[in-house]
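Breakdown of the fold
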Amino acid sequence: MSITVTRIGGRLGADISGIDLKLPIEPGDASDIHDALVEHKVLVFRGQHLDDEQHQRFASLFGELTLAHPTVPSVDGQANVLEVAGGPGARANAWHTDVTFVVAPPKATTLRSLVIPPYGGDTLFSNTAAAYADLPEHLRLLADRLWAEHSNEYDYAEHPQFRSAEVDEYQKVFVSTRYRTAHPVVRVNPDSGVPNLFIGNFVTGIVGLSRTEGRDILRLLQHYVTRPENTLRHKWQVGDIVVWDNRSTQHYAADDYGDLPRKLHRVTVAGDVPVGVNGEKSRILEGDEATHYTPQVQ
């Protein structure tokens with residue numbers, strides 16, 4: 001069988017069929033899948049039903065793997081696998097790009113479904129390259145010059161009604177080592193050469209601006225990221241595996257399934273240090289290079 005790539009969204013997303021990811025993948029197919037990821041940014045493989053070992057082998061097609069997370073423990077016996085479950089404090093119901101608080105965030109994220117609720121729990125994706133292209137010229141020129149501070153000191157229960165002992169405990173683990181990094185607000189994808197907005201919920205402010213000024217600018221730019229035209233909504237089925245280009249997307253896990261169980265496993269691919277449109281690279285503000293988590297690309 002040959003691989004078939006079928007677009008599923010106007011501006012991002014493709015369904016990949018005609019391949020069994022449980023089997024070794026030929027180099028030509030691996031190259032086609034990588035090219036499809038750069039072009040479509042989100043790839044959906046239905047009905048694969050992989051185990052952790054097969055999942056990691058698939059993720060390795062895109063590059064060297066990171067550990068599960070800089071601070072959160074991995075699945076037992078699987079150093080590269082992070083459990084994504086809908087427990088207190090762990091629901092990623094905010095638009096974000098994965099692990100942007102380190103100096104070299106992941107290139108790609110792969111997520112595999114194990115337990116899915118009968119309704120709800122979809123994941124939404126957005127095309128941050130299209131968002132940048134949508135900006136009026138004056139806003140693009142402004143964004144090109146801005147730098148944002150990203151930190152893992154993110155409040156997973158910023159609204160008091162969601163505060164609980166479990167949330168507080170998860171928060172302690174998440175910030176057990178503090179990371180603060182300055183990234184360009186507009187980074188260039190090294191595979192496509194296309195600029196995109198590199199912001200999201202780990203951003204705490206704009207370098208050189210007050211918190212109020214930074215918040216207003218970020219709200220304006222984020223509006224373009226989450227315009228419906230730039231988004232794709234994935235309804236999970238057990239056995240799915242989805243991979244997205246973490247350099248040119250944001251995502252959001254809808255928290256609309258109450259106490260129903262939801263469990264997925266995540267494996268991320270090591271990335272490089274982001275580069276802005278002027279060629280300047282991201283820099284560490286606090287914390288180390290997280291080399292225990294990801295290979296440091298100089």
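These lines cover the structure that appears in this document, whether it is placed above or below. (Residues numbered from 1 in each chain as written. Predicted model: local features only at pLDDT ≥ 70, side-chain atom pairs only at ≥ 80, totals over all residues. Heavy atoms only, no water.)

1. Points about the overall build of the protein
To be explicit about the condition: The way it works is that DSSP assigns letters per residue, a run of H or I at least four long becomes a helix, a run of E at least two long becomes a strand, and they are numbered from the N terminus. Radius of gyration: C-alpha atoms only; globule rule: 2.2 Å multiplied by the number of residues to the exponent 0.38. Contacts are assigned to residue pairs that have any heavy atoms within 4.5 Å of one another. Accessible surface area values rest on a Shrake-Rupley calculation with a 1.4 Å probe, where residue burial reflects the displayed protein chains alone.
A tally of helices and strands in the protein yields six helices and 16 strands. For 298 residues, the compact-globule estimate of 2.2 N^0.38 gives 19 Å, and the protein sits close to it at 18 Å. Considered along the principal axes of its C-alpha atoms, the protein spans approximately 55 × 45 × 35 Å. Summarising the internal contacts of the protein: among those between residues at least 6 apart in sequence, 82% fall at separations of at least 24. Put simply, the protein shows about 13100 Å² of open surface, and 51% of that area lies on carbon and sulfur atoms.

2. Brief notes about the pattern of salt bridges
Stated precisely, the cut-off is as follows: By convention in these notes, a salt bridge is any Lys or Arg side-chain nitrogen within 4 Å of a carboxyl oxygen on Asp or Glu. A 1.4 Å probe rolled over the protein chains alone gives each residue an accessible area, and that area as a share of the maximum for its type sets the label: buried under 20%, exposed over 50%, partly exposed in between.
Summed over all chains, the structure comprises 18 salt bridges. D52 serves as the salt-bridge partner of R112, at 2.9 Å between the closest nitrogen and oxygen. A residue pair is termed long-range when its members are at least 10 positions apart, and R112 in strand β5 (residues 108-115) and D52 in helix α2 (residues 52-59) qualify at 60 residues. Residue classification places D52 among the buried residues on the basis of a relative accessible area of 15%.

3. Looking at the sheet that holds strand β7 (residues 147-151)
Going by this rule: Strands qualify as paired when DSSP identifies two bridges or more between them. Angles run from 0 to 180 degrees between N-to-C directions of axes, and those axes are lines fitted to C-alpha atoms, restricted for helices to the stretch in contact.
Pairing is antiparallel in the open sheet, where four strands are placed in the order β11-β7-β8-β16. The outermost strands of the open sheet, each flanked by one partner alone, are β11 (203-206) and β16 (283-286). For this sheet, the mean angle separating the axes of adjacent strands, direction not counted, is 30°.

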